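The primary structure of each chain is shown beneath.
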Amino acid sequence: MNPDDIVAGLNPVQREAVVNSQGPLLILAGAGSGKTRVIVHRIAYLIMVREVAPQEIMAVTFTNKAAQEMRERVRAMIGPVAQSMWISTFHSSCARILRNHGDRLGFSAKFSIYADKEQIALLKEVSRKLNLSATMFPAEYLRSAIDNAKNRGVDPDEYALEARQTHNPKSQVVAKVYKLYQESLKENDALDFGDLIFLTVALFNKHPELLESYRERFHYILVDEYQDTNEVQYRLINMLAEPRRNLCVVGDDDQSIYSWRGAQIKNILDFESDYPESKVVRLEENYRSTATILAAANQVIAGNRKRKGKDLWTKNCSGDLVSLFLGSNEADECSYVIKRISTSVREPGDFAIFYRTNAQSRIFEEGLSRRGIPYIIVGGTKFYDRAEIRNLLAYLKVVNNERDGVSLQRILNIPTRGVGKTSVEHLQVYAEENRLSFWETMERLDAEALIRGKARSALLGLRDMILQWRRDQGECKPSQICARIIAEIGFAEWLQKNNDPVQAQTRGENVAELLNAIELWEDEQENPTLAAYLENVALINDDCLSVEEASRVTLMTIHRAKGLEFDEVFLVGLEEGLFPGKRSYEKPELLEEERRLCYVGMTRAREKLHMSACRIRRLYGQTVDSRPSRFLMEIPLELMRREDRHRSSIFKSEASAGAPPKETFSRFQRGVGSQPTSRRKPGPTKKFGLTKSIDQSSPFPQGCRVEHAVFGPGVVAGVKGSGDETKLDIIFRDRGRKLLLLKFANLQKLG
DNA sequence: TTCGGAACCCTTTTT
DNA sequence: GGGTTCCGAA
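Here the structure is a predicted model, which means the values were calculated and not measured. (Residues numbered from 1 in each chain as written. Chains lettered and ligands numbered in written order. Predicted model: local features only at pLDDT ≥ 70, side-chain atom pairs only at ≥ 80, totals over all residues. Heavy atoms only, no water.)

A. Structural view of helix 4 (residues 64–78). Taking 1.5 Å of rise per residue, the 15 residues of helix 4 would be expected to cover 21 Å, and the 21 Å separating its terminal C-alpha atoms lies within 8% of that figure. Every buried residue of helix 4 is listed here: Asn64, Ala67, Met70, Val74 and Ile78. The arc that holds the buried residues of helix 4, viewed along the axis, is 130 degrees, so those residues lie on one side. Exposed and oriented more than 90 degrees from the buried face of helix 4 are Lys65 and Ala76. If you follow the buried residues of helix 4, they end up packed against helix 3 (35–48), strand 2 (57–61), strand 3 (86–89) and helix 26 (530–539). Of the residues one or two after helix 4, glycine 79 is the one with positive phi, at around 85 degrees. (Helix = DSSP H or I, 4+ residues; strand = E, 2+ residues; numbered from the N terminus. Expected span 1.5 Å × (residues − 1). Buried < 20%, exposed > 50% of the residue type's maximum accessible area, 1.4 Å probe, protein only. Arc of directions from axis to C-beta. Contact = heavy atoms within 4.5 Å.)

Here it is, written out as structure tokens:
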């Protein structure tokens, strides 16, 4: 094939990235620079021009969505041969490897994958065995400590050594937990997410010949979002790529926002020293945003020191200024956002609202629904995290994997069948004393007088059902087994009985939806086994079930927004202490990450960007005075337009809360820059948002209660202008806020 | 076993 | 403020 055909339509830099197919390559891909396009073309180039066999290429991403899109687009370019390529997430690539060779580490090919909830359940069991106090060592604390260790590539022995060396008593306890937890996982024939990667690395370390075989297989390795890789992922990739060094990493150091999950920005920053012979390509032309938005974003990110350095530019027009709205409180901020959405010619689906923390979403949700504007909140409790779904999945896991004790214990009394705490304890003790798995203990119920009465017969019944379902696996599809389980345990009836009618309804629907989802999945599979389905659920935990409608306003955290784009974006809550968050103050690295987060949020916008902050915010039940975020200060005033100038200071809290003068606000009022951290200046400071000169001679001064013939009762929030031009800013009790010309308003004074 | 109320926590969460 | 979790009482 003619190389020119492959690179046709790419800009010169993109071509560089595609054509440089041999040796290590770092592609610094700015936001909206056509990254995926480059990756896809690069793969096509390798196969079509360099005649690399597809199965010699491994492409790794972080999300299923990214993997899917990449796979789809490659297939569209080169056809079905793409099928034999490994394009998948870190986790599913590793799961695949471990299913093939996990026996060398003591796992079967059917191992269960434990998500957070199951990790916690197992950790509680471990804590109990070690007699740990749940207050001193909450399961969640242990979970994240162990998770961190795995991300760092630290095994239990190394962890114990670390703990001893640092004389940290708490860590020494965690070390014990970590060790026992790993043993328990093995007994349950289960792995957690961290294990998938870490144990793959361990497998390769322990069995060099296996590593060699994969090195032989994968001649070309490509990693997307390289800035988000953690230590083990880094090790994995680099060990595989070592002999041939055909490693292409794509990423953007300016969009590294997952350090708290173990991502190491240094991986991308140090790539050039890891591979001195490497080439670097910078994709800086942006095809997404207006020049104004980019200029603003560039200014913000320029405040970071630890970065490769990159300036996005575009041929797009300059577009609108960035709108800046400084509200009095979050209700005010919210109504600004909603007003802009409801008065726009755009469709709801063109808008997105991004916030730093999930807690901020509620007010927007309420406001939008009150106005009847369709919206979707991305995030929150996922489908597969709902209790009823997890219960059914636990059943399926038990059917699939005999040794999975965590899932078995979960379902013992679901639906309630009279197996209480004491019975479970008896079983646990017996299992422990006889070194049996939980399932083996259940098998001995006949022979041993372990448990008596109702619990005994219930357990025997459950055991027989499980045995039957396991036999069914031969001729039944997973969906049929699942349906059988639901029917035979009386799950629907139990849900009815134990929930209020509304909840019972949704839970029932969820169960139906699960069956539906399994069937959909089966339709796409050649060989739909239960084990395969369970892996799919564990790793591809996507919410394709909640159909993403294009016609709704999208609400999500900025973290979730990475990789997406919208015509018009509202970035809300830009306040010191919230964004950047308070916790980032002490550490410069954390502050830099917050700044990157801001940059990510801003660069999602195609045409119009709004940024807003509140003067007063209720947070965790407390009302706090806030100042605008330093990130706002970093944007040149020429790029912004204030959207709240006409507004007056109607909010008593502002005058009476005794808030210290906020010179940062005055920066926007007077058009003079000031440092966010500057000390308080002497003398009076203009109050933010206050109408410049209140006409004290107005018959209806600020705060005056009035009655309007049509709008009813209200309060004068502000007065503007004078004489015939006098306008009153009034908040009506029932009709919201209006700006009225005094001479026409025909107001009655009240009280 | 199930409930209800007190106590607790509180960034972000690709897999 | 609110959601979750945990413990004790019925």
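Next comes the rest of the account.
B. Broad picture of the protein's contact with DNA strand C. As a matter of local geometry, DNA strand C sits amid Lys124, Arg362, Arg618, Tyr620 and Gly621. Counting only the atoms of DNA strand C within 4 Å of the protein, the fraction contributed by sugar and phosphate is 44%. In the model, a phosphate oxygen of DNA strand C is placed 3.4 Å from a nitrogen or oxygen of the lysine 124 side chain. One nitrogen or oxygen atom from the side chain of arginine 362 is found 2.6 Å from a phosphate oxygen belonging to DNA strand C. (Near = heavy atom within 4 Å. Polar contact = N/O pair within 3.5 Å; in protein donor to acceptor, adjacent residues only side chain to side chain.)

C. Spatial organisation of the protein's contact with DNA strand B. Around DNA strand B sit 26 residues, and of these Arg356, Thr416, Gly420, Thr557 and Arg583 come closest. Each atom of DNA strand B within 4 Å of the protein was classed as base or backbone; sugar and phosphate made up 56%. For DNA strand B, a phosphate oxygen lies 3.3 Å from a polar atom in the side chain of threonine 416. Contact distances for DNA strand B include 3.2 Å between a phosphate oxygen and a backbone N or O atom of valine 419. A breakdown of the residues in the surface near DNA strand B according to their chemical character gives 7 nonpolar, 11 polar and 8 charged. (Nonpolar A, V, L, I, M, F, W, Y, C, P; charged D, E, K, R; others polar.)

D. View of the packing of helix 16 (residues 330–342) against helix 17 (residues 361–370). It is the contact of helix 16 with helix 17, at a shortest axis distance of 10 Å, that shows an interaxial angle of 45 degrees. Classified by the interaxial angle, the pair formed by helix 16 and helix 17 is oblique. As for the relative orientation of helix 16 and helix 17, their crossing is right-handed in sense. For the pair helix 16 and helix 17, the contacting residues are Glu330, Ala331, Glu333, Cys334, Val337, Ile338 and Ile341 in the first and Ile363, Phe364, Gly367 and Leu368 in the second. Split by residue class, the contact of helix 16 with helix 17 holds 8 nonpolar, 1 polar and 2 charged. (Axes fitted to C-alpha atoms, helices over the stretch in contact; angles between N-to-C directions. Parallel < 35°, antiparallel > 145°, perpendicular 65-115°, else oblique. Left-handed = near helix turned anticlockwise from the far one by under 90°.)

E. Broad picture of the packing of aromatic side chains. All chains considered together, the criterion is met by 18 aromatic pairs. When the ring of tyrosine 159 is compared with that of tyrosine 178, the centres are 5.8 Å apart and the planes differ by 90 degrees; the resulting orientation is edge-to-face. Placement of the pair is tyrosine 159 in helix 8 (residues 156–165) and tyrosine 178 in helix 9 (residues 169–187), with a sequence separation of 19 residues. For the pair tyrosine 159 and tyrosine 178, a shared accessibility class is recorded, and that class is buried. Three or more aromatic residues link up through ring pairs in this structure, and these residues are Trp86, Phe204, Tyr214 and Phe218. (Phe/Tyr/Trp six-rings, centres within 6.5 Å; stacked < 30°, edge-to-face > 60°.)

F. Structural context of helix 5 (residues 90–101). In this model helix 5 runs 17 Å from its N-terminal to its C-terminal C-alpha over 12 residues, within 8% of the 16 Å that 1.5 Å per residue would give. Where burial is concerned, most of helix 5 is hidden: 9 out of the 12 residues are buried. Residues of helix 5 that are buried include every one of Phe90, Ser92, Ser93, Cys94, Ala95, Ile97, Leu98, Arg99 and His101, and no others.

G. Geometry of the environment of isoleucine 451. Summarising the element assignment, isoleucine 451 is placed in the loop between helix 21 (438–443) and helix 22 (453–472). Along the sequence, isoleucine 451 and histidine 426 sit 25 residues apart, while their C-alpha atoms lie 7.5 Å from each other. Setting aside residues up to four positions removed in sequence, isoleucine 451 forms contacts with Ser423, His426, Leu427, Arg456 and Leu459.

H. Quick look at the sheet that holds strand 13 (residues 566–571). Pairing in this open sheet of 7 strands is parallel, and the strands run 11-12-10-13-14-9-17 from one edge to the other. Each of the sheet's edge strands pairs with one partner strand only, and the pair in question is strand 11 (375–377) and strand 17 (640–642). Pairwise comparison of adjacent strand axes, ignoring direction, gives a mean angle of 20 degrees for this sheet. Across the sheet, helix 15 (residues 291–301) touches strand 9 (322–327) and strand 14 (605–614), and the angle it forms with strand 14 is around 50 degrees. (Pairing = 2+ DSSP bridges.)

I. Representation of the pattern of salt bridges. Within the structure shown, the criterion is met by 46 salt bridges. Counted as one network, the salt bridges with shared partners bring together Lys35, Asp224, Glu225, Asp228 and Lys562. (Salt bridge = Lys/Arg side-chain N within 4 Å of Asp/Glu carboxyl O.)

J. Broad picture of the nonpolar core. Leu196, Phe204, Ile221 and Leu247 are the most contacted members of the largest nonpolar core, which totals 64 residues. Beyond its immediate chain neighbours, meaning those up to four positions away, leucine 196 contacts His91, Cys94, Ala95, Leu98, Phe111, Ile113, Leu191 and Leu539. Ranked by size, the runner-up nonpolar core spans 51 residues in total, among them Leu393, Ile414, Ile489 and Trp521. (Core = buried A, V, L, I, M, F, W, Y, C linked by side-chain atoms within 4.5 Å.)

K. Examining unusual backbone geometry more closely. In this chain, isoleucine 414 is followed by proline 415 through a cis amide linkage whose omega measures -5 degrees. Note that proline 415 resides in the loop between helix 19 (405–411) and helix 20 (421–433). Here the residue pair phenylalanine 579 and proline 580 is connected by a cis peptide bond, since its omega of 5 degrees sits within 30 degrees of zero. Positioned with a positive phi, histidine 167 is a non-glycine residue whose angle comes to about 50 degrees.

L. Main features of the packing of helix 5 against helix 12 (residues 231–241). Viewed as axis vectors pointing N to C, helix 5 and helix 12 meet at an angle of 60 degrees, and their least axial separation amounts to 12 Å. Relative to helix 12, the element helix 5 lies oblique. In the crossing of helix 5 with helix 12, the sense of the turn from one axis to the other is left-handed. Here Phe90, His91 and Cys94 of helix 5 come into contact with helix 12, specifically with Gln233, Leu236 and Ile237. In terms of residue class, the contact of helix 5 with helix 12 is made up of 4 nonpolar, 2 polar and no charged.

M. Representation of the pairing of strand 16 (residues 622–625) in the model. Pairing geometry for strand 15 (residues 616–619) and strand 16, over 4 bridges, is antiparallel. Residue pairing in the sheet places arginine 617 in a bridge with valine 624 of strand 16. In this antiparallel pair of consecutive strands, strand 15 and strand 16, the connection spans 2 residues, and tyrosine 620 shows a positive phi of 50 degrees.

Geometric descriptors of this kind do not, in isolation, establish any biological role.
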